[in-house]
Amino acid sequence: MLFDVAPKERREDLYDRERELQELRDALELGERLVVVYGVRRVGKTSLVKAGLRELEVPHVLVDVRELYYAENIIRMQALVSRVVEGFRRQLRWYRRMGFDLRSALRRIRRIRVGDYEVEVEPGARVLLTSLLSELDAWCRRHGMRFALVLDEAQYLRFSNVRYDGVIAWAVDNLPSITLVLTGSEVGLLRDFLRVDDPEAPLFGRYRREIRVERFSREQAVGFLLEGFRELGVTVGEGEVEEAVERLDGIVGWLTYYGYYRAVRGMPHREALARVFEEGSRLVLAELERAIAPSRRRYAAILWAVAHGASRWRDIKAYVVGRTGHITDRRLSDLLKKLVKYGYLVKEGGEYRIPDPVVRRACLNLRP
Ligand SMILES: Nc1ncnc2c1ncn2[C@@H]1O[C@H](COP(=O)(O)OP(=O)(O)OP(=O)(O)O)[C@@H](O)[C@H]1O
Ligand SMILES: [Mg+2]
């Protein structure tokens, strides 16, 4: 169902994304080892990768690094390995159907037991991600297969005492049958973490395929809603679809919520739209508060000012000073840059704006 609010796992539930799927297919068919998927929040990165790998029948595991960070505030290697093993467990049957024999692939790692329905790490055992990947790679090489490890929201790997960029570079150099797929919403932060342009960094100079997931165009957004309603046999006025697209601006995550409220929950148009903004703001605020915590008053003042229409540096500064006292230009500039890296702001032609309509709404009520 197109209006299912969980990330999509099947091609038939994914609307369009033909170009991006083709890129992913090309990368895997060519045996590329590093794929980076960029795109703002709720634009459909996880869905693309999940549905894509499933359709291509590439055995894989997806680890939600952001969720792991939220749970533990740091990305420990053992926690990451446990998530990988959990992912194995969930997909054992599917692997079997793909001809991927996990038990045989991991037989040299004694501390992991693979049963018919279970995969377990011995309690207290330390298993290195590198050994796990090496074994998977060796098996895949012998059997002419490929395994993909997806690190979803990989920029959170920076919160660790492990140098994951080094681990990634090692895997890219040494494991020809493994493809690492990294995704990131906070595009600037992912680029910083990978430091692909820094000669001193482990990943410097490595080939990578970059796939950019963009917002839906107007036509795509309209098409998505119409198709979703058709699928559920719900008739809606054309004006409603137009208005929803206008207000939600091509972000498929919000369009999906709207479709869900409107067609699955059966709410009237206006109410469904209002719900997206209300519930969406709540979601956004929870995340936003985490991101801005290190300098909350100042970040909040900036976002509030931009949400209320201040777009030039000078106007933002005036508001921030009024609200929170003197700030140096340099500090303000740092904070603005960070907000751009997080994706909460964009800067175009010297003006700042909040690109996501629901974030904009959430920031209207952000009390500095
Ligand atoms: N191409 C698509 N067709 C239909 N629904 C989609 C599509 N892409 C995403 N969705 C829906 O939009 C929502 C957001 O998708 P998803 O979680 O994949 O995005 P994301 O970019 O990974 O978001 P986040 O930044 O929150 O991790 C989900 O409800 C998902 O079902
Ligand atoms: Mg995602």
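Residues numbered from 1 in each chain as written. Chains lettered and ligands numbered in written order. Predicted model: local features only at pLDDT ≥ 70, side-chain atom pairs only at ≥ 80, totals over all residues. Heavy atoms only, no water.

Engineer: I'd love a proper account of the pattern of salt bridges, names of residues and values included.
Structural biologist: Counting across every chain of the model gives 43 salt bridges. In this structure, the salt-bridge partner of R111 is E122, at a minimum N-O distance of 2.9 Å. Taken together, the residues R111 in the loop between α6 (102-105) and β3 (112-114) and E122 in the loop between β4 (119-121) and α7 (129-143) connect sequence positions 11 residues apart. Among the residues examined, R111 registers a relative accessible area of 43% and is labelled partly exposed. Each of R191, D197, R208, E210 and R212 takes part in one network of salt bridges that share partners. (Salt bridge = Lys/Arg side-chain N within 4 Å of Asp/Glu carboxyl O. Helix = DSSP H or I, 4+ residues; strand = E, 2+ residues; numbered from the N terminus. Buried < 20%, exposed > 50% of the residue type's maximum accessible area, 1.4 Å probe, protein only.)

Engineer: Please provide a residue-by-residue account of the environment of R146, values included.
Structural biologist: Tracing the backbone through its elements, the reader meets R146 in the loop between α7 and β5 (147-152). R146 gets classed as buried once you look at its relative accessible area, which sits at 15%. Taking the C-alpha atoms as reference points, R146 and L34, separated by 112 residues in sequence, lie 13 Å from one another. With near-sequence residues (within four places) excluded, R146 lies in contact with L28, G31, E32, V58, P59, C140, P176, S177, I178 and T179. (Contact = heavy atoms within 4.5 Å.)

Engineer: I'd like to hear about the domain arrangement of the protein, residue by residue, with values.
Structural biologist: The domain boundaries assigned to the protein delineate domain 1 (11-212), domain 2 (218-286) and domain 3 (292-364). The centre of domain 1, based on its C-alpha atoms, is set 32 Å off from the matching centre of domain 2. Taken together, the contacts link seven residues of domain 1 with 10 residues of domain 2. Carbon and sulfur atoms supply 60% of the area that domain 1 and domain 2 bury against each other, a total of about 690 Å² over both sides. The tally of links from domain 1 across to domain 2 stands at zero salt bridges. Counting every contact that joins domain 1 to domain 2 gives two residue pairs in polar contact (both at pLDDT 80 or more). Grouping the amino acids of the side of domain 1 that touches domain 2 by side-chain chemistry returns two nonpolar, one polar and four charged. (Domains from an automatic or database assignment. Buried area = accessible area lost by both parts, 1.4 Å probe. Polar contact = N/O pair within 3.5 Å; in protein donor to acceptor, adjacent residues only side chain to side chain. Nonpolar A, V, L, I, M, F, W, Y, C, P; charged D, E, K, R; others polar.)

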